[in-house]
Amino acid sequence: GMAANAVLAFAPPGVIGYYAAALLFLACNLNVALADVMIDATVAEQTKRRPELGAELQALCWGALGGFGTFAFLFSGWALEHTGPRMLFACSIGSSACAAVPGALRWLGEPTPRARGLRLGVRDLCGSVWGH
């Protein structure tokens, strides 16, 4: 997502063909979709731990999405009119980077598969995914 936004923001006009632009737009959309799936999975996991807070957690997530989404929609219209679409893609680089922070800093509490040197064994990875 960050790389696709960077290419769309900083590539000279006319360099990106139609098919390449379509693939870059798809990568941008996947970036948003993966963050949404990560949030939904975290909400589901936390709801298993504390079922009595499930509704509140879901409301918090949707409320934050709606509140910040409204600000983003208002800002994007103004920015598109005054700076053009490249500025919007440049701003999206920062939001893509923010979505990577929880995973990069291990805030999600995921178990780490055992490592053999610098390589992770396929058996270890599959075992950690399917619980074997």
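Residues numbered from 1 in each chain as written. Predicted model: local features only at pLDDT ≥ 70, side-chain atom pairs only at ≥ 80, totals over all residues. Heavy atoms only, no water.

**Re a nonpolar patch on the surface**
For the record, the criterion: Candidates for patches are residues over 30% relative accessible area with no salt bridge; among them, like charges are joined within 9 Å and nonpolar side chains (Val, Leu, Ile, Met, Phe, Trp, Tyr) within 5 Å. The accessible surface values rely on the Shrake-Rupley method and a 1.4 Å probe; as for residues, cover is taken only from the protein chains in view. When a carboxyl oxygen of Asp or Glu lies within 4 Å of a side-chain nitrogen of Lys or Arg, that pair is called a salt bridge. Segments assigned H or I by DSSP are reported as helices when at least four residues long, segments assigned E as strands when at least two residues long, and all are numbered from the N terminus. Each residue's exposure class comes from its accessible area (1.4 Å probe, protein chains only) as a fraction of the maximum for that residue type: buried when under 20%, exposed when over 50%, partly exposed otherwise.
On the surface, a nonpolar cluster with roughly 420 Å² of combined accessible area is contributed by Leu 23, Leu 26, Leu 30 and Leu 34. By the secondary structure assignment, Leu 34 is in helix α2 (residues 18-49). The class for Leu 34 is exposed, based on a relative accessible area of 58%.

**As for helix α3 (residues 54-83)**
Put simply, the rule is: The span you would expect from a helix comes to 1.5 Å times its residue count less one. In what follows, a contact means two residues having at least one pair of non-hydrogen atoms within 4.5 Å.
With 30 residues, α3 should reach 44 Å at 1.5 Å per residue; the first-to-last C-alpha distance of 41 Å fits that figure. For α3, every residue scored as buried is listed here: Gly 54, Gly 69 and Ala 79. Buried residues belonging to α3 abut α2 and α4 (85-104). Trailing α3 by a residue or two, Gly 84 shows a phi angle of about 95 degrees, which is positive.

**Focus: the confidence of the model for the chain**
Detailed conclusions should not be drawn from predicted coordinates in areas where pLDDT is low. What counts, and what does not: The pLDDT score gives, residue by residue, the confidence of the prediction method on a 0 to 100 scale.
Here the chain averages 81 in pLDDT, and 81% of its residues register 70 or above. Of all the helices and strands in the chain, helix α5 (residues 122-130) carries the lowest mean pLDDT, 62, while helix α1 (residues 2-10) carries the highest, 90.

**Topic: the packing of aromatic side chains**
In this description, a pair of aromatic rings is defined by centroid distance and the angle of the planes. Short version of the rule: Centre distance within 6.5 Å is the pairing criterion for rings of Phe, Tyr and Trp, where only the six-membered ring of Trp is used; planes under 30 degrees apart are then read as stacked, over 60 as edge-to-face, and the remainder as tilted.
All told, the structure shown has three aromatic pairs when counted by the stated rule. On the basis of an interplanar angle of 35 degrees and a centroid distance of 6.2 Å, the ring pair of Phe 75 and Trp 78 is categorised as tilted. One end of the pair is Phe 75 and the other is Trp 78, both in helix α3 and three residues apart, which spans about a single turn. One aromatic cluster in this structure is built from Phe 71, Phe 75 and Trp 78.

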